[in-house]
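Examination of the molecular architecture
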Amino acid sequence: MRISVTVDGERLDAVTGQTVAGLLMSRGRVSWRTTAGAGRPRGLFCGIGVCFDCLVTVNGLDDVRACQRRVADGDVVETGAVDDRR
């Protein structure tokens, strides 16, 4: 089933059961935030919720692990606005 999710102000189609990280990666995004000190790109690293590299904001809730959070219809996701497609 297709659902609609807004990521950084852009409305995207997603699939029920897809994680936020899966949605971002399906759109070519492999990094979506940067480290505070060095500004290095971060995205999916462990993929199992152990690290904190994939953090995003979902529906106003900060520090959500994108690899663990499944998208829901109408979700609003905000990233660190890194869109370098590396």
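No experiment lies behind these values; they were computed from the predicted model shown.

Tallying secondary structure elements over the protein chain gives one helix and seven strands in all. For the protein chain, the succession of helices and strands along the chain, N to C, is β-β-α-β-β-β-β-β. Relative to the globule expectation of 12 Å for 86 residues, the C-alpha radius of gyration of the protein chain, 12 Å, shows essentially globular dimensions. Seen through its principal axes, the protein chain has C-alpha atoms that stretch 40 × 25 × 25 Å. Within the span of the protein chain, comprising 86 residues, buried residues form 40% of the whole. Once local pairs closer than 6 in sequence are excluded, the contacts in the protein chain between residues at least 24 apart make up 40%. As presented, the protein chain carries roughly 5000 Å² of accessible surface, and 49% of it is formed by carbon and sulfur atoms. When the 12 positive and 11 negative side-chain charges of the protein chain are each reduced to one mean point, those points stand 6 Å apart.

So, on to the pairing of strand β1 (residues 2-7). Two strands pair when backbone bridges link them, and β1 and strand β2 (residues 10-15) are joined in this way by six bridges, in the antiparallel orientation. Residue pairing in the sheet places Ser4 in a bridge with Asp13 of β2. If you look at the hairpin formed by β1 and β2, you'll find two residues sitting between the two strands, and Asp8 has a positive phi there, around 50°. Note that β1 and strand β7 (residues 76-78) share two bridges and pair parallel.

Before going further, it helps to examine the environment of Cys46. By the element assignment, Cys46 lies in the loop between β4 (41-42) and β5 (55-58). With 21 residues separating them along the chain, Cys46 and Cys67 place their C-alpha atoms 8.5 Å apart.

On to the confidence of the model for the protein chain. Looking at the protein chain, pLDDT values average 91 and 93% of them are 70 or higher. Confidence scores differ between elements of the protein chain, with strand β3 (residues 33-34) showing the lowest mean pLDDT of 90 and β7 the highest of 98. Scored below 50 in pLDDT, residues 82-86 makes 14 contacts in the model with residues more than four places away or belonging to other chains.

Let us now look at the side chain of Thr19. Its place among the elements puts Thr19 in the loop between β2 and α1 (20-26). A distance of 2.9 Å separates the side chain of Thr19 from the backbone nitrogen of Gly22, its partner in a polar contact. Excluding its chain neighbours within four sequence positions, the residues that come into contact with Thr19 are Ala66, Cys67, Arg69, Arg70 and Val71.

Criteria and cut-off values
- Residues numbered from 1 in each chain as written.
- Predicted model: local features only at pLDDT ≥ 70, side-chain atom pairs only at ≥ 80, totals over all residues.
- Heavy atoms only, no water.
- Helix = DSSP H or I, 4+ residues; strand = E, 2+ residues; numbered from the N terminus.
- Rg over C-alpha atoms; globule rule 2.2 N^0.38 Å.
- Buried < 20%, exposed > 50% of the residue type's maximum accessible area, 1.4 Å probe, protein only.
- Contact = heavy atoms within 4.5 Å.
- Areas by Shrake-Rupley, 256 points an atom, 1.4 Å probe, with all protein chains shown as cover.
- Lys, Arg positive; Asp, Glu negative; His and termini not counted.
- Charge placed at Lys NZ, Arg CZ, Asp CG, Glu CD.
- Pairing = 2+ DSSP bridges.
- pLDDT = per-residue confidence, 0-100.
- Polar contact = N/O pair within 3.5 Å; in protein donor to acceptor, adjacent residues only side chain to side chain.

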